[in-house]
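Residue strings, one per chain:
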Amino acid sequence: MNVPVVSPAQVPLQHTHVLPDLTQHEIQALKATYNLADAHTHQFQSPGQQEIVARLPQLWYEAEDSLQSGYEREFIDAFFQLHRQPTALVKQKTLLSYAASISTLVAALFLKQRCMAVTLVEPCFDNLHDLLANTGVPLFPVDETAFHDPDEIYATLTREVRTEALFLVDPNNPTGFSMLKYGRRGFEEVVRFCRDHHKILIMDFCFAAFTLFDDRLARFDVYDLLESSKVSYIAIEDTGKTWPVQDAKCAMITTSDDIWPDIYNIHTSVLLNVSPFVLNMLTQYVRDSAADGFASIRDLLAQNRETARRELAGSILEYQEPVARVSVAWFRISRAELTASELQAILLAGVGVYVLPGRYFYWSQPNKGESFIRIALARDPEIFASAIAAVRREFARHGW
């Protein structure tokens, strides 16, 4: 006999269903027994990373004793070498900030300054929408499915995009979709549309590290495509979802020459520099991943992904296969009468597991997202396995 579905209103746990955005959910999740909410890296250090931690005092004193510009150059070189982006290295016009949200804010302020509206992919992480909306940039959605067929991308964008800018996330968070499924072709069609129709292309590549050393995908030199096409572009990259450095991270923003002076002036109004110590430390993590072929990151995520897929198979959660094996898993809820918000509240109240409901990712039509939840994978495997086992026990209690 099935246990009746519990309404979120019956769960006296800080009324999680009424929080205004995903980040506030993630703040609450930090207090939960099992935090499977934010996509930040909470796994323990690999052996190579432990050696970096042991060297932190040395890295600190090195940073005290050398020029800021040197650590910026070393970090940018290491990052783009790992990501196989030689054009970005040659151009040397990448600006650094503490977080991708700061880089996104710079892009939003630029759009606001030029009185531009933007078409933003849906679903996506809601802080992209919120940052743009909070700076007064008009927003219009384009569904991720518009990019699922390279033969139709140009025609679909021509039909649907009426704004001055197009903002995409690749690989996408939460679905893991990537146009790299088609090699260069999908990106080429997007760039061709933006160039032909005089649109500014904004690309969030914050999950791009998860396409590295993947035999199904190949991250080509996207900056060569952007530069050679003469399209106006803003590209945002980040370390925050990749290495377990307790949020001591760095984000990057790179732009086409025609808008770089304006972006630079906005950027310098926001901050001076990223800590040279943080840059020195992050450079060591990037080099460690280059040396091990990204194994310390990839293998842990693969283990946790398989745990979630195996243990939740046959339950009410249906795993959605991603194109890029990103650090989050996207599940469809098979029971039409059960919403993601209700399921989130039930799991939190029942077993202390905090997941994210899909409604926030569908920023223009939240109800569409109530059929999905997102589970973060960048966790210690033992802790992650315990969390998934707790979810399965709760499902069994409800007959799910």
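Relevant structure appears above.
Caption draft 1: Region of the structure containing the pairing of strand β13 (residues 372-376). With five of five residues buried, β13 lies mostly within the body of the structure. Alignment of strand β10 (residues 328-333) against β13, held across five bridges, turns out to be antiparallel. Counted as the bridge partner of Trp330 is Arg374 from β13.

Caption draft 2: How the structure looks around the sheet that holds β10. Strand order across the open sheet formed by four strands is β9-β10-β13-β12, with antiparallel pairing between neighbours. The open sheet has two free edges, formed respectively by β9 (317-319) and β12 (356-357), since each of these has just one partner strand. The pairing of β9 with β10 spans three bridges and is classified as antiparallel. Bridge assignment links Tyr319 to a residue of β10, and that residue is Phe331. Helix-sheet contacts for helix α13 (residues 295-312) involve β9, β10 and β13, and the interaxial angle to β9 is about 135°.

Caption draft 3: Up close: the sheet that holds strand β5 (residues 165-169). The sheet built from seven strands is open, its strands ordered β2-β8-β7-β6-β5-β3-β4 with mixed pairing. For this open sheet the edge positions go to β2 (95-97) and β4 (139-143), each flanked by a neighbour on one side alone. Shown here is a sheet whose adjacent strand axes are inclined to one another by a mean of 20°, direction ignored. Bridge count between β5 and strand β6 (residues 200-204): five bridges; the pairing is parallel. Looking at the pairing, Val169 lines up with Asp204 of β6. Here helix α6 (residues 100-113) sits on the sheet and contacts β2, β3 (118-122), β5, β6, β7 (232-238) and β8 (251-255); the angle it forms with β7, its principal contact strand, is near 160°.

Caption draft 4: Structural detail: unusual backbone geometry. In this structure, Pro123 follows Glu122 across a cis peptide bond, with omega equal to 5°. That bond from Asp170 to Pro171 is cis: its omega, -5°, falls within 30 degrees of zero. With respect to the secondary-structure elements, Pro171 resides in the loop between β5 and α9 (185-196). Backbone geometry at Cys115 places phi at a positive 55°, although glycine is not the residue there. Tracing the chain through its elements places Cys115 in the loop between α6 and β3. Residue Cys115 is classed as exposed on the basis of its relative accessible area, which comes to 69%. A positive phi is found at Lys230, a non-glycine position, where the angle reads about 65°. When you line up the elements, Lys230 lands in the loop between α10 (222-229) and β7. A residue is classified by how much of its surface remains accessible, and Lys230, at 71% relative accessible area, is exposed.

Caption draft 5: Expanded view of the environment of Ala108. You can see Ala108 is positioned in helix α6. When its relative accessible area of 0% is taken as the criterion, Ala108 is described as buried. Considering only alpha carbons, one finds Ala108 and Phe205, 97 residues apart in sequence, at a separation of 16 Å. When neighbours within four sequence positions are excluded, Ala108 is seen to be in contact with Leu131, Leu132, Thr135 and Val137.

Caption draft 6: Fine view of the pairing of β5. Here β5 lies mainly inside the structure; five of its five residues are buried. Side chains of β5 alternate between two faces, with Ala165, Phe167 and Val169 and Leu166 and Leu168 buried alike. Taken together, β5, α9 and β6 constitute a β-α-β crossover, and its handedness is right-handed.

Caption draft 7: Structural view of helix α14 (residues 340-351). Taking 1.5 Å of rise per residue, the 12 residues of α14 would be expected to cover 16 Å, and the 16 Å separating its terminal C-alpha atoms lies within 8% of that figure. With 10 of 12 residues buried, α14 lies mostly within the body of the structure. Listed in full, the buried residues belonging to α14 are Ala340, Ser341, Glu342, Leu343, Gln344, Ala345, Ile346, Leu347, Leu348 and Val351. Gly352, located one to two residues past α14, shows a positive phi value of around 70°.

About the cut-offs
- Residues numbered from 1 in each chain as written.
- Predicted model: local features only at pLDDT ≥ 70, side-chain atom pairs only at ≥ 80, totals over all residues.
- Heavy atoms only, no water.
- Buried < 20%, exposed > 50% of the residue type's maximum accessible area, 1.4 Å probe, protein only.
- Helix = DSSP H or I, 4+ residues; strand = E, 2+ residues; numbered from the N terminus.
- Pairing = 2+ DSSP bridges.
- Contact = heavy atoms within 4.5 Å.
- Axes fitted to C-alpha atoms, helices over the stretch in contact; angles between N-to-C directions.
- Right-handed = clockwise from strand over helix to strand, strands pointing away.
- Expected span 1.5 Å × (residues − 1).

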